Amino acid sequence: MSESGRTLTYRELNENSARFARVLHDLGLRKGDAFAFVSDNAPECFELYWAALRSGLYVTPVDRNLSPVDAAFIIHDSDSKVLVVSAGVRALAEALVPLTLQIADRFCFGGQIEGYRSYEDMRANIGVPLVQCPRGSDLLYSSGTTGRPMGMKSPLLQIEVDQPGDPTTSAIGSAYELTFSDVYLSPAPIYHAAPLRWCGAVHAYGGTVVVMEKFDAEEALRVIEQHFVTVAQMVPTMFVRMLQLPEAVRAKYDLSSLRSVVHAAAPCPPSVKKSMIDWVGMILNEYYSPTEGNGFTTISSDEWLTKPCSVGRSVLGTLHICDDEGTELPAGEVGTVYFEREDQPFEYHKDPEKTAAARHPDHPTWTAVGDHGFLDADGYLFLADRTAT
């Protein structure tokens, strides 16, 4: 953790996640069941995440900024049987107790909250690790800006946690050549899809994750220098805030350890992206991947300067652009963006109609999330809302 200096070693991550997986099993959770957590950025979040991944469970991180009613809706809708909270979100955690009476058990770390058992006390009791460790997954929810939040659920992989085969981990690792020597900076809230999944991918490759409790433009530069960060992931608003720092402030930090600055989540204004490339060099890498996890594209600085405003070519799933009837369109024509996969990559939790609507009418393994764009003759994807210069 960048501010507090707290650390979590791989041994601790392994042992603590195994213990919590045992606790969840003893509470009656079985493969396909779910639990939720609400927390500020803290190392324990990754113990919870890997407890799910090593026991065939779904884990739902809940936005700590939601109202108690909206947070309780997600906890209930995800069918979570256990809730874990941080003392850092005390007010929300206290308000959730009477709103989540269906929860079988509750735990709190970092302090005591009435209605919750101590996560630390539970963790201190060494249980027998589970013999079978089926791969679990996350069950993430949309922001709910156009209605109630909706869960996006991937099918559980038929592998053990220590076996290769997770497509997201593979796509991230191969696209950015992650290794055990990488130091990855995550400045965003862990409840978002990218921070949670990317930190997990870095763990899978044996790298070091440095998490900021909250983003601050100059603090991010200091952390990069202090920890010799090699890969950092940010969103365009973070770029804007760093570029607004006085030149003297930006110049005093050594960023030479960086080999890749990754960004996604929102359109990046071309002027901002060009300014970042001028500052940090040709190491700015953009990707596009919906929270549903149905595909993944990436583009380097070199490519982007040749193909401005593109989000790159696919490294997970074959791209298709189709009209409203599902007919595939030629290069240059705008339509719905589909990713083709071998299997159906996700469903909308408890909404079979929306799930069916996301599938191509003739190809059930082609899925779309409502984004529109076009492919050029070289296979580069341009999203319709990102083409204006």
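So, here's what we can say about the structure. Keep in mind it's a predicted model, so treat the numbers as computed, not measured. (Residues numbered from 1 in each chain as written. Predicted model: local features only at pLDDT ≥ 70, side-chain atom pairs only at ≥ 80, totals over all residues. Heavy atoms only, no water.)

1. Observations concerning the sheet that holds strand β6 (residues 137–141)
Pairing is mixed in the open sheet, where 8 strands are placed in the order β5-β4-β3-β1-β2-β6-β7-β17. Here the strands that pair on one side only, and so sit at the sheet edges, are β5 (117–118) and β17 (347–348). Pairing of strand β1 (residues 34–38) with strand β2 (residues 58–62) involves 5 bridges; the strand directions are parallel. Note that in β2 the partner of Phe37 across the bridge is Pro61. In the packing of helix α2 (residues 44–53) onto the sheet, the strands contacted are β1, β2, β3 (80–86), β4 (105–109) and β6, and the crossing angle to β1 comes to about 170°. Contacts between helix α3 (residues 68–77) and the sheet are confined to β1, β2, β3 and β6, with β2 contributing the most and set at about 175° to the helix. (Pairing = 2+ DSSP bridges. Helix = DSSP H or I, 4+ residues; strand = E, 2+ residues; numbered from the N terminus. Contact = heavy atoms within 4.5 Å. Axes fitted to C-alpha atoms, helices over the stretch in contact; angles between N-to-C directions.)

2. Considerations on the side chain of Ser154
Structurally, Ser154 can be placed in the loop between β7 (151–153) and α6 (167–176). Look past the residues within four positions of Ser154 in its chain and what remains in contact with it is Tyr58, Ser137, Glu292, Pro345 and Phe346.

3. Notes on helix α11 (residues 270–280)
Turning to α11, its buried residues number three or more, namely Pro270, Val272, Lys273, Met276 and Ile277. Projected down its long axis, α11 carries its buried residues within an arc of 160°, all on one side. α11 presents Ser271 and Asp278 as exposed residues on the side facing more than 90 degrees away from its buried surface. Taken together, the buried residues of α11 touch α9 (236–243), β11 (260–263), β12 (284–288) and α12 (301–306). Where α11 ends, the next residue or the one after it, Gly281, has phi of about 100°, a positive value. (Buried < 20%, exposed > 50% of the residue type's maximum accessible area, 1.4 Å probe, protein only. Arc of directions from axis to C-beta.)

4. Some thoughts on the nonpolar core
Core analysis: the biggest nonpolar cluster contains 48 residues, and Phe20, Phe35 and Val84 have the highest contact counts within it. The greatest single-element share of this core, amounting to 8 residues, is contributed by α2. Filtering out sequence-adjacent residues up to four positions away, Phe35 remains in contact with Phe20, Leu24, Leu29, Leu48, Ala52, Leu57, Tyr58, Val59, Thr60, Ser80, Lys81 and Val82. Ala188, Ala232, Leu258 and Cys268 belong to the second-largest nonpolar core, a separate cluster that totals 34 residues. (Core = buried A, V, L, I, M, F, W, Y, C linked by side-chain atoms within 4.5 Å.)

5. A look at the pairing of strand β19 (residues 372–375)
Both strand β16 (residues 335–340) and β19 contribute to a ladder of 2 bridges, which runs antiparallel. Bridge assignment links Gly335 to a residue of β19, and that residue is Gly373. Both β19 and strand β20 (residues 381–383) contribute to a ladder of 3 bridges, which runs antiparallel. Paired with Gly373 across the bridge in β20 is Leu383. In this structure, the hairpin formed by β19 and β20 is closed by a connection of 5 residues, where Gly379 is found at a positive phi of approximately 85°.

6. Quick word on the packing of helix α1 (residues 10–26) against α2
The interhelical angle for the contact between α1 and α2, taken along N-to-C directions, is 60°, at an axis separation of 8 Å. Taken together, the axes of α1 and α2 lie oblique to each other. At the point where α1 passes α2, the crossing takes the right-handed sense. Taking contact as the criterion, the partners of Leu13, Asn16, Ser17, Phe20 and Ala21 in α1 are, on α2, Phe46, Glu47, Leu48, Trp50 and Ala51. Looking at the contact of α1 with α2 residue by residue, the class counts come to 7 nonpolar, 2 polar and 1 charged. (Parallel < 35°, antiparallel > 145°, perpendicular 65-115°, else oblique. Left-handed = near helix turned anticlockwise from the far one by under 90°. Nonpolar A, V, L, I, M, F, W, Y, C, P; charged D, E, K, R; others polar.)

7. Let's talk about the environment of Thr179
Counting through the fold element by element, Thr179 comes out in the loop between α6 and β8 (183–186). Taking the relative accessible area as the measure of exposure, Thr179 reaches 33% and is therefore partly exposed. Along the primary structure Thr179 and Glu120 are separated by 59 residues, whereas in three dimensions their C-alpha atoms are 31 Å apart. Each residue touching Thr179, except ones within four places of it in the same chain, is listed here: Tyr205 and Gly207. A distance of 2.7 Å separates a polar atom in the side chain of Thr179 from a polar atom in the side chain of Ser181. (Polar contact = N/O pair within 3.5 Å; in protein donor to acceptor, adjacent residues only side chain to side chain.)

8. Let's talk about the environment of Pro43
Here Pro43 shows up in the loop between β1 and α2. On the basis of relative accessible area, Pro43 is assigned to the buried category, the value being 6%. Once the C-alpha coordinates of Pro43 and Thr9 are considered, the two residues, 34 residues apart in sequence, prove to be 9.9 Å apart. Not counting chain neighbours up to four residues away, the residues in contact with Pro43 comprise Met1, Arg6 and Leu8.

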